[in-house]
Amino acid sequence: MNWKHISLWSLIVLMFMGCQPKNLITVDYDERNLDTVSVTASRGYQRPPYNPSHTRKNDLLHSKLDVRFDWNRQHVLGKATLTLKPIFYATETLRLDAKGFDIREVALMKNGKKTRLPYKYEDAANLFITLDKKYTAEQEYTVYIEYTAKPNELPVGGSAAITQDKGLYFINPTNATPGKPQQIWTQGETESNSKWFPTIDRPNERCTQEIFVTIDKKYQTLSNGILKSAKPNTDGTRTDHWVMDMPHAPYLFMLAIGEFSVVLDYWEGRLLQYYVEPEYKDHAKAIFKHTPEMLTFFSNRLGVEYPWQKYAQVIVRDYVSGAMENTTAVIFGDFVQMTTRELLDYSDMNESIVAHEMMHHWFGDLVTCESWANLPLNESFANYSEYLWFEHKYGKDAADHIRAREMAGYMTQAVVRGDAHPLIYYGYADKEDMFDSHSYNKGGTILHMLRKHIGDDAFFESLRVYLEANKFSAVEVHDLRLAFEKVTGEDLSWFFNQWFFTKGHPKLKIKKKYDSKKRQLNVTIEQTQNPKETTVFRLPFDIAIHLYEGDKPQMKSVVMTDQIQTFTFDVRQQPLWVGVDADRRLLCERTYDQTVEELIFQYRASKNFMDRNDALKALRYKQKDNPEVKRVFEEALKDPFWSLRERAVDGIELSVDKDMRIIRRIESMAKDDKRSQVRAAAIDKLGSFNDERFLTIPKEAVEKDKSYMVIASAINAIYSANKEEGIKYAQKLKDETNISILLSVAEIFAATGDAQYTSFFDNNWKKMSNYNAFSFFDYYANLLIKTKDDPFILAKASDFRDIATDPNTGQWSRYASASAIKKLRDNYKKIKDMETNYNTLNSYIDEVKRKEKDATLNKFYKNWK
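**Considerations on the environment of Leu252**
Within the element layout of this structure, Leu252 appears in the loop between β16 (237-248) and β17 (255-258). Remark: the alpha-carbon pair of Leu252 and Tyr780, spanning 528 residues in sequence, is separated by 41 Å. Not counting residues within four places of it along the chain, the set of residues in contact with Leu252 comprises Asn193, Asn224, Met324, Glu325, Asn326, Thr327, Gly364 and Asp365.

Pasting the structure below:
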């Protein structure tokens with residue numbers, strides 16, 4: 001290395017004379033050839049991973065796509081015309097995401113003429129284009145790319161929330177599965193749309209779009225925005241032209257193609273569309289229940305009217321996620337596609353998902369996270385929308401029931417699996433890892449705490465300010481904090497630092513003691529989490545002090561700031577119950593030692609769902625020791641909220657000799673309760689007695705109840721009391737198409753160990769969708785084990801292997817059938833002299849693992865022993 005090197009002596013002279021600018025100093029220097037310097041990084045410090053937002057050099061303004069499809073080869077034949085301009089610095093280069101393409105042509109478009117441009121295509125993912133000149137930030141340019149995309153030939157990745165990342169999916173493309181629809185649909189999040197069209201595939205990019213899609217005229221199409229035209233072609237195809245004239249992120253671009261029935265509705269003059277399979281046309285408005293009302297509710301609650309041109313919802317087969325909030329055109333998996341009768345059991349689920357994806361049209365589509373580390377700015381609000389909708393439509397108990405479920409989901413990841421990380425998480429290993437119960441569950445519960453801290457008016461006004469200030473742009477979490485601070489005038493850094501940027505949650509150990517001499521109540525709370533791994537949280541909450549039955553409690557507002565803190569209150573007598581965190585706003589683990597009498601009072605006095613639910617859980621196994629506990633469960637059979645009635649039915653301990661009065665009450669609930677879940681639980685309870693005296697109501701339910709869930713419970717109850725009669729009912733219902741009933745029939749047939757029923761399983765496994773396949777194949781394996789017919793078991797296991805290795809079989813059915821092989825194999829491990837059978841089945845599992853290409857399933861298979 002050649003360096004112009006100033007001598008050490010000359011440098012010393014400069015240092016001493018630098019304070020005398022009037023004197024002119026002449027410095028001699030010599031040129032030296034130095035040895036190569038080897039630099040070694042210190043091993044004492046390793047910089048933590050950091051995933052920043054994408055650095056933008058070019059601004060994508062408009063994407064014009066022209067696509068058609070080769071169904072047999074599963075290719076996209078595309079032409080993309082992209083209009084861009086530099087962000088600030090002048091540039092003569094452009095990089096685009098284009099994954100797994102054959103590039104046919106790259107050109108500059110000017111005045112309708114194409115001029116070829118030089119380009120490099122690296123790693124089959126990055127398209128580098130050299131422009132014809134250097135463009136300034138005021139100058140737009142347009143590039144044209146002709147290409148073939150081959151998403152089905154790319155390696156498959158994914159996450160727990162989005163199980164594959166091909167970008168575009170051909171469903172039954174060659175009609176190899178009779179009776180299954182042929183479809184094409186897309187899934188862009190996180191950065192997978194660049195597997196079917198070239199773009200800048202980052203969440204902090206946004207543009208307008210138009211798509212010309214040419215398909216066989218028998219198909220319906222759906223995309224973002226408005227259908228401008230549908231032009232028949234002479235070859236039996238049709239070209240649909242979709243235009244989205246409002247900018248949104250490229251990952252939100254979508255396309256769905258299939259033989260759908262399209263049901264129309266309207267809201268405030270805007271078109272609503274429900275795309276379903278033809279046999280569900282009459283059920284479409286029940287499937288997407290309350291869509292118009294939800295649009296009104298969220299527009300009013302947020303203070304920002306729904307901003308887009310239309311709202312469409314489409315159901316597709318073999319979807320790789322639950323649903324996706326593509327702007328103006330939401331995609332759902334087919335698990336939501338049910339008849340109006342089936343929805344009697346699952347309407348809550350559908351409403352939650354519809355609300356979730358709708359809320360994204362404000363949080364995610366209108367205002368978008370600038371990086372995947374900030375994904376909670378999208379998902380936390382969508383998660384909390386479910387709480388808001390159920391609170392509005394069905395009351396606080398219904399909303400708190402959802403919140404309890406979300407908190408439990410977060411705790412499963414953070415506590416049970418020991419996987420806690422900051423909510424805003426720049427240190428993720430893979431961007432797909434952000435789609436977890438932190439971004440969703442924890443984020444929603446944090447927003448609820450913030451709402452409780454500042455009050456409803458300030459909370460929703462802050463959301464309005466945030467949305468208006470940042471619409472059609474990308475944001476980070478500080479933009480949200482600043483909006484709340486602008487409205488409230490409070491510095492909320494403390495809240496955002498501990499809940500958004502710090503991992504973990506408080507673990508509270510609560511103790512109380514009443515000093516009768518001083519007439520003082522002392523409530524001592526300790527945060528037992530390790531502050532070196534998380535922090536000591538600042539926790540504002542209320543304490544409710546109940547002195548008398550039927551009276552309003554004394555409410556005390558406190559703020560916990562220390563690791564251990566005692567709150568002292570002047571109280572005239574020993575409280576009957578002290579409700580710590582009275583409205584149960586805190587996301588925390590809590591240990592609160594209470595007497596049975598206090599728990600009884602907690603159930604009877606609290607209007608909060610979580611208090612009543614926790615009391616019933618804690619009291620369940622204390623009924624034998626205290627008759628009053630049993631009376632609480634009897635009271636809970638009449639609780640105003642259905643899930644607590646269900647818990648009471650399940651938990652109450654009854655004797656057919658001593659408790660006929662309560663049993664008659666449960667029989668009444670089995671017939672008349674408004675919620676099918678409660679009726680089913682009541683029938684399960686009657687079945688648990690294994691007594692034919694209680695079969696009248698289950699038999700009536702099979703004939704008269706509208707709920708499939710209740711009927712499924714009824715045939716299980718009949719089987720429990722009279723196996724022969726139960727089998728007859730199962731045989732009577734074996735040709736039903738409803739999944740709940742088929743699973744109950746499968747459970748009964750499996751218990752018989754009779755090989756004749758394997759035909760039922762063979763005829764019905766294809767009807768199972770998503771996670772239902774696990775139970776079904778598990779029952780099938782149970783049946784085979786009970787036959788004790790080894791050659792027959794091996795033959796059926798070979799069939800399972802064929803299912804598990806067939807790429808035309810759905811993802812979860814493949815995994816469920818492989819799991820059934822594993823169960824059969826593990827059973828042989830318990831039996832002497834069955835090594836040959838064990839090894840045969842083990843070889844089937846090895847073959848399944850070897851042939852599986854799905855990244856998510858391969859992760860599961862790696863954990864198999």
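Next comes the rest of the account.
**What about the packing of helix α24 (residues 811-829) against helix α25 (residues 835-851)?**
A pair of packed helices is characterised by two quantities: the angle between their axes and the separation of those axes. Two numbers describe how α24 lies on α25: the axes approach to 9 Å, and their chain directions differ by 155°. Regarding the angle of α24 to α25, the classification is roughly antiparallel. With respect to the hand of their crossing, α24 and α25 are arranged in left-handed fashion. On α25, the residues that touch Ala818, Ile821, Lys822, Leu824, Arg825, Tyr828 and Lys829 of α24 are Asn837, Tyr838, Leu841, Asn842, Tyr844, Ile845 and Val848. In terms of residue class, the contact of α24 with α25 is made up of nine nonpolar, two polar and three charged.

**Details of the pairing of strand β3 (residues 58-70)**
Walk down a regular strand and you will see the side chains alternate between the two sheet faces. Sheet topology places β3 next to strand β4 (residues 75-86); twelve bridges connect them, and they run antiparallel. When the sheet's bridge partners are listed, Asp66 is paired in β4 with Lys79. Turn length for the β3-β4 hairpin, with the two strands adjacent in sequence and antiparallel, is four residues, and the turn residue Gln74 shows positive phi of about 60°. Summarising the sheet, β3 and strand β13 (residues 207-216) pair through six bridges and their orientation is parallel. Of the residues in β13, the one forming a bridge with His62 is Thr208.

**A closer look at the sheet that holds strand β31 (residues 589-592)**
Spatial ordering of the open sheet is given by β29-β26-β25-β31, a layout of four strands whose pairing is mixed. Strands with a single pairing partner mark the edges of an open sheet, and in this sheet they are β29 (564-570) and β31. Ignoring which end each strand starts from, the neighbouring axes of this sheet average 20° apart. Pairing of strand β25 (residues 507-515) with β31 involves four bridges; the strand directions are parallel. Bridge pairing links Lys507 to Glu589 in β31.

**Considering the pattern of salt bridges**
Opposite charge on two side chains permits them to pair, given that their charged atoms come into close proximity. For the structure on display, the rule yields 58 salt bridges. Measuring nitrogen to oxygen at the nearest pair gives 2.9 Å for the salt bridge that ties Asp650 to Arg620. Here Asp650 is found in helix α14 (residues 642-651), whereas its partner Arg620 is found in the loop between α12 (609-619) and α13 (627-636), with 30 residues between them in sequence. Given the relative accessible area of 44%, Asp650 is considered partly exposed. Look at Arg620 and you get partly exposed, because its relative accessible area is 25%.

**Details of the nonpolar core**
With 263 residues, the main nonpolar core has Phe69, Trp362, Phe500, Phe541 and Phe761 as its most contacted residues. Sequence-distant contacts of Phe500, that is, excluding residues within four places in its chain, are made with Pro422, Leu423, Ile424, Ile446, Val477, Leu480 and Phe495.

**A word on the environment of Pro540**
Within the fold, Pro540 resides in strand β27 (residues 539-546). Apart from residues lying up to four places away in sequence, Pro540 is in contact with His453, Trp494, Val558, Val559, Arg585 and Leu586.

**Quick look at α13**
Owing to its 3.6 residues per turn, the α-helix aligns residues three or four sequence positions apart on the same side. Taken together, the buried positions of α13 are Val629, Val632, Phe633 and Ala636. Take α13 and look down its axis: the buried residues cluster within an arc of 95°, on one side only. Where the residues of α13 are buried, they touch α11 (596-605), α12 and α14. Taking the backbone nitrogen of Glu628 as reference, a side-chain oxygen 2.9 Å away marks Asn626 as the first, capping residue of α13.

**Re the side chain of Gln209**
With respect to the helices and strands, the residue Gln209 is situated in strand β13. With relative accessibility at 1%, the residue Gln209 sits in the buried group. In this structure the side chain of Gln209 is engaged in a polar contact, spanning 3.1 Å, whose partner is the side chain of Asn224. Apart from the residues within four sequence positions on either side, Gln209 is in contact with His62, Ser63, Ser223, Asn224, Trp242, Val243, Met244, His248 and Phe253.

**Description of unusual backbone geometry**
Each neighbour pair has its own omega, and for Glu189 with Thr190 the value is 5°, a cis peptide bond. With respect to the element layout, Thr190 can be found in the loop between β12 (183-186) and β13. Even without a glycine there, the phi angle at Asp581 is positive, about 60°. You can see Asp581 is positioned in the loop between β30 (577-580) and β31. A positive phi is found at Lys788, a non-glycine position, where the angle reads about 55°. Examined against the element boundaries, Lys788 turns out to sit in the loop between α22 (772-787) and α23 (790-804).

**Overview of α22**
End to end, α22 covers 23 Å across 16 residues, agreeing with the expected 22 Å (1.5 Å per residue, within 8%). Among the residues of α22, Ala773, Phe776, Phe777, Tyr779, Tyr780, Ala781, Leu783, Leu784 and Thr787 are the ones counted as buried. On its buried face, α22 sits against α20 (739-752), α21 (758-764), α23 and α24. Of the residues flanking the end of α22, it is Lys788, one or two places downstream, whose phi is positive at about 55°.

**Some remarks on the environment of Val656**
Summarising the element assignment, Val656 is placed in the loop between α14 and α15 (660-672). Counting along the chain gives 576 residues from Val656 to Ala80, while the straight-line C-alpha distance between them is 73 Å. The residues contacting Val656, other than those within four sequence positions of it, are Ile663, Phe689, Arg693 and Phe694.

**Structural notes on the packing of aromatic side chains**
What the rule picks out here adds up to 59 aromatic pairs. Ring plane angle 55° and centroid distance 6.0 Å describe the contact between Trp765 and Phe777, whose orientation is recorded as tilted. Of the two residues, Trp765 is situated in the loop between α21 and α22 and Phe777 in helix α22; the sequence distance between them amounts to twelve residues. Classification of Trp765 as buried rests on a relative accessible area of 13%. Through a chain of ring-to-ring contacts, the aromatic side chains of Phe749, Tyr757, Phe760, Phe761, Trp765, Phe776, Phe777, Tyr780 and Phe800 assemble into a single cluster. In this arrangement the basic side chain of Arg301 is found over the ring face of Phe460, its NZ or CZ atom lying 3.7 Å from the centre.

**Observations concerning the confidence of the model for the protein**
Close reading of the predicted structure is inappropriate where its pLDDT is low. The predicted model of the protein averages 93 in pLDDT, with 94% of residues at 70 or higher. Below a pLDDT of 50 lies the segment residues 1-32, which in the model reaches 21 contacts outside its immediate sequence neighbourhood of four places, other chains included.

**As for the packing of α23 against α24**
Closest axis-to-axis distance for the α23/α24 pair is 8 Å, and the angle between their directions is 150°. Between α23 and α24, the crossing angle belongs to the class labelled roughly antiparallel. By crossing handedness, the relation of α23 to α24 is classed as left-handed. Facing α23, whose interface residues are Asp790, Ile793, Ala797, Phe800, Arg801, Ile803 and Ala804, α24 presents Ser813, Arg814, Ser817, Ala818, Ala820, Ile821, Leu824 and Tyr828.

Calculation rules
- Residues numbered from 1 in each chain as written.
- Predicted model: local features only at pLDDT ≥ 70, side-chain atom pairs only at ≥ 80, totals over all residues.
- Heavy atoms only, no water.
- Helix = DSSP H or I, 4+ residues; strand = E, 2+ residues; numbered from the N terminus.
- Contact = heavy atoms within 4.5 Å.
- Axes fitted to C-alpha atoms, helices over the stretch in contact; angles between N-to-C directions.
- Parallel < 35°, antiparallel > 145°, perpendicular 65-115°, else oblique.
- Left-handed = near helix turned anticlockwise from the far one by under 90°.
- Nonpolar A, V, L, I, M, F, W, Y, C, P; charged D, E, K, R; others polar.
- Pairing = 2+ DSSP bridges.
- Salt bridge = Lys/Arg side-chain N within 4 Å of Asp/Glu carboxyl O.
- Buried < 20%, exposed > 50% of the residue type's maximum accessible area, 1.4 Å probe, protein only.
- Core = buried A, V, L, I, M, F, W, Y, C linked by side-chain atoms within 4.5 Å.
- Arc of directions from axis to C-beta.
- Polar contact = N/O pair within 3.5 Å; in protein donor to acceptor, adjacent residues only side chain to side chain.
- Expected span 1.5 Å × (residues − 1).
- Phe/Tyr/Trp six-rings, centres within 6.5 Å; stacked < 30°, edge-to-face > 60°.
- Lys NZ or Arg CZ within 6 Å of the ring centre and 35° of its normal.
- pLDDT = per-residue confidence, 0-100.

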